[in-house]
Amino acid sequence: AGGQHGDLPLTTKSVGAIVRAAMKSNIRLVLDLFSVELSKADWRRIVKETCEILLHENSQYGLRHVFIEEAAEFVPQRVIDGQTYSAVEKLVRMGGNSKVGITLINQRSADLNKSVLELCANVFVHRQTGKNTILDLKKWFEMLALDKAEQTKIADSLPDLKSGECWAF
């Protein structure tokens, strides 16, 4: 739904019906927010409503996994929209109660809210070239209790990882 090649138009008014229909029919759904007709405020309303529906209504429909690309738009380091932040944070924190898993995707982990990021059970770190991002990751490696040699090995490898390669924690 939405985007340039969507089967259905996506608006703040249609998202609830679209998400509920996909849950009830047990079909995969991609909500594509890339549209000249949607503002960033619209994006946040769509993500907020989707997260709330999945958290409160999905458990009767079975397992579901949500991928949120450009996650820092919705759970940023500095919270702009508390309602959207709260909806995503609740889904990350309690989605398992509703049979929902979630993957947050962002180019820079440093842009994601640390409270939400720390709720993640698994982290995949792909190629990183930004000096500040690598410094932030080194601090995180220390918290993981990796020895200094392992921290250095991982940090030094990040700029040279090929597409599809990553470190998994």
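A brief structural summary. Here the structure is a predicted model, which means the values were calculated and not measured.

**Observations regarding the packing of helix H5 (residues 131–143) against helix H6 (residues 148–157)**
No. 1: Relative to each other, H5 and H6 sit at 150 degrees, their axes nearing to 10 Å. Taken as axis vectors, H5 and H6 run roughly antiparallel relative to one another. When you trace H5 past H6, the crossing you get is right-handed. Facing H5, whose interface residues are Ile134, Lys138, Phe141 and Glu142, H6 presents Lys148, Gln151, Ile154 and Ala155.

**Some thoughts on unusual backbone geometry**
No. 1: In the Ramachandran plot, glutamate 70 falls in the positive-phi region, its phi being about 50 degrees despite a non-glycine side chain.
No. 2: Following the sequence through the fold, glutamate 70 ends up in the loop between strand E1 (64–68) and helix H3 (82–94).
No. 3: Residues other than glycine seldom take positive phi values, yet lysine 99 does so here, at roughly 65 degrees.
No. 4: Considering the arrangement of structural elements, one finds lysine 99 in the loop between H3 and strand E2 (100–104).
No. 5: Lysine 99 gets classed as partly exposed once you look at its relative accessible area, which sits at 41%.

**Focus: the pairing of E1**
No. 1: Because side chains alternate across E1, one face comprises the buried residues Arg64, Val66 and Ile68, and the other comprises His65 and Phe67, none of which is buried.
No. 2: Taking the sense of rotation as the criterion, the β-α-β connection linking E1, H3 and E2 turns out right-handed.

**As for the nonpolar core**
No. 1: Ranked by internal contacts, the top residues of the largest apolar core, which has 30 residues, are Ile68, Val88 and Leu91.
No. 2: Of all the secondary structure elements, the ones that give two or more residues to this core are helix H1 (15–25), helix H2 (40–57), E1, H3 and E2.
No. 3: Apart from the residues lying within four places of it in its own chain, the contact partners of valine 88 are Val47, Cys51, Ile68, Phe74 and Val75.
No. 4: In terms of nonpolar packing, the next biggest core, distinct from the first, is built from nine residues, Val123, Val125, Phe141 and Leu158 among them.

Cut-offs and rules
Each chain carries its own residue numbering, running from 1 in the written order of its sequence. Local features are withheld for residues below a pLDDT of 70 in this predicted model, meaning they are given only at 70 or higher, and side-chain atom pairs are given and counted only at 80 or more; totals for whole chains, interfaces and linings count all residues. Computation of side-chain values: all heavy atoms of the structure, hydrogens and water removed. Here, axes are lines fitted to C-alpha atoms. For helices the fit covers the stretch in contact, and angles between N-to-C directions go from 0 to 180 degrees. A run of H or I in DSSP becomes a helix once it reaches four residues, and a run of E becomes a strand once it reaches two; helices and strands are each numbered from the N terminus. For classification purposes, angles smaller than 35 degrees are called roughly parallel, those larger than 145 roughly antiparallel, those between 65 and 115 roughly perpendicular, and all remaining angles oblique. The sense of a crossing depends on the near helix, which, turned anticlockwise from the far helix by less than a right angle, makes the crossing left-handed and, turned clockwise, makes it right-handed. When checking whether two residues touch, look at their non-hydrogen atoms; a contact exists if any pair is within 4.5 Å. The buried label applies to any residue whose accessible area, calculated with a 1.4 Å probe on protein chains only, is under 20% of its type's maximum; exposed applies above 50%, and partly exposed to all values in between. By convention, orient the strands away from the viewer: a clockwise path from the first strand over the helix to the second makes the crossover right-handed. To qualify as a nonpolar core, a set must consist of buried Ala, Val, Leu, Ile, Met, Phe, Trp, Tyr and Cys residues joined through side-chain atoms within 4.5 Å.

Scope: geometric values only; no functional claims are made or implied.
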